[in-house]
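Residue-level structure breakdown
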Amino acid sequence: MSILASGTEMLRGLVPVLLAAGLAWAASDSSIKPHREREKVDRDATAGLEEKIERAHAAIRETRTPESQDLALAWEIDRLEQEMPGPSTPVLLPEELKQRFARHGLSVSTVRLVKVHEDSDLPGYQRGHWAAEVPIGEAGHKVAEALLAVAEFEQHHLFVRIQEFVIRSDPEDPARRIAFLNVTALFRK
């Protein structure tokens, strides 16, 4: 009986401790509950903010792409501006045309400036128009050389276009041919 009595006494002493622990746990649970709810609200708010931040980063990336493209385009425009022929073009173009044809065994008989006018689409730039005559003679291979000279000239000068290229009989000698060219160039004032 002594073991039974000591066990019963121990249970009697343990019951108040268990009750006190239960009450403490219930009290602590009710005092922690608002903090847990707040933590859940904060976690949800953080997830929402992370989504917004990711969308903002995506918007920034989308904005930077056109900006970098605009910057690259501005650099390309600057580079082209540096390559753009200057005011000396009206004087130099006829000589360059003569040199290009001479490389192909042809001589330009005349190059005359038809007109120079402001380019309405590009302020600060002018367009010049020239007419040139190239005697070709009777040889058929000279026609191919003339075409090659025209293509190379236009390819070498980015801001020059051959608007018209016509081969006709020479009025003085119908057996001979003459190439007529109309050339347009864009250049800075």
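Scroll up to find the structure this text is about.
Parameters and conventions
- Residue numbering note: each chain is counted from 1, following its sequence as written.
- In keeping with the predicted nature of the model, local features appear solely for residues at pLDDT of at least 70, side-chain atom pairs appear and are counted solely at 80 or more, and the whole-chain, interface and lining totals rest on all residues.
- With hydrogens and water set aside, each side-chain value is computed from the structure's full complement of heavy atoms.
- By salt bridge we mean one thing: a side-chain nitrogen of Lys or Arg within 4 Å of a carboxyl oxygen of Asp or Glu.
- Secondary structure counts use DSSP, requiring at least four H or I residues in a row for a helix and at least two E residues in a row for a strand, with both numbered from the N terminus.
- Burial here depends on accessible area, computed with a 1.4 Å probe over protein chains only, as a share of the maximum for the residue type. Under 20% is buried, over 50% is exposed, and the range in between is partly exposed.
- In this scheme, strands are said to pair when DSSP sees at least two bridges between them.
- Note on geometry: axes are lines fitted to C-alpha atoms, helical ones only across the stretch in contact, with angles between N-to-C directions running from 0 to 180 degrees.
- Between two residues, a contact is recorded if the distance between any of their heavy atoms is within 4.5 Å.

We now examine the pattern of salt bridges. Tallied over the full model, the rule gives five salt bridges. Among the ionic pairs, R55 bridges to E51, the shortest N-O distance being 3.5 Å. With R55 and E51 both in helix α1 (residues 2-83) and four residues apart, the pair spans about one turn of that helix. Taken as a pair, R55 and E51 share a single burial class, namely exposed. One salt bridge connects R100 with E152, and the closest N-O pair in it is separated by 3.6 Å.

Okay, the sheet that holds strand β3 (residues 160-169) next. The pairing of strands in a sheet comes from backbone hydrogen bonds and takes either a parallel or an antiparallel form. With antiparallel pairing, four strands are arranged side by side in an open sheet as β1-β2-β4-β3. Both edges of this open sheet fall to β1 (110-118) and β3, since each of them pairs with a single strand only. Strand-to-strand twist of the sheet, defined as the mean angle between neighbouring strand axes without regard to direction, takes the value 15°. Bridge count for β1 against strand β2 (residues 125-137) is eight bridges, and the pairing is antiparallel. Within β2, the position partnered with R112 by the bridge is A131. Against the sheet, helix α3 (residues 141-156) contacts β2, β3 and β4 (177-188), and its axis sits at roughly 170° relative to β3.

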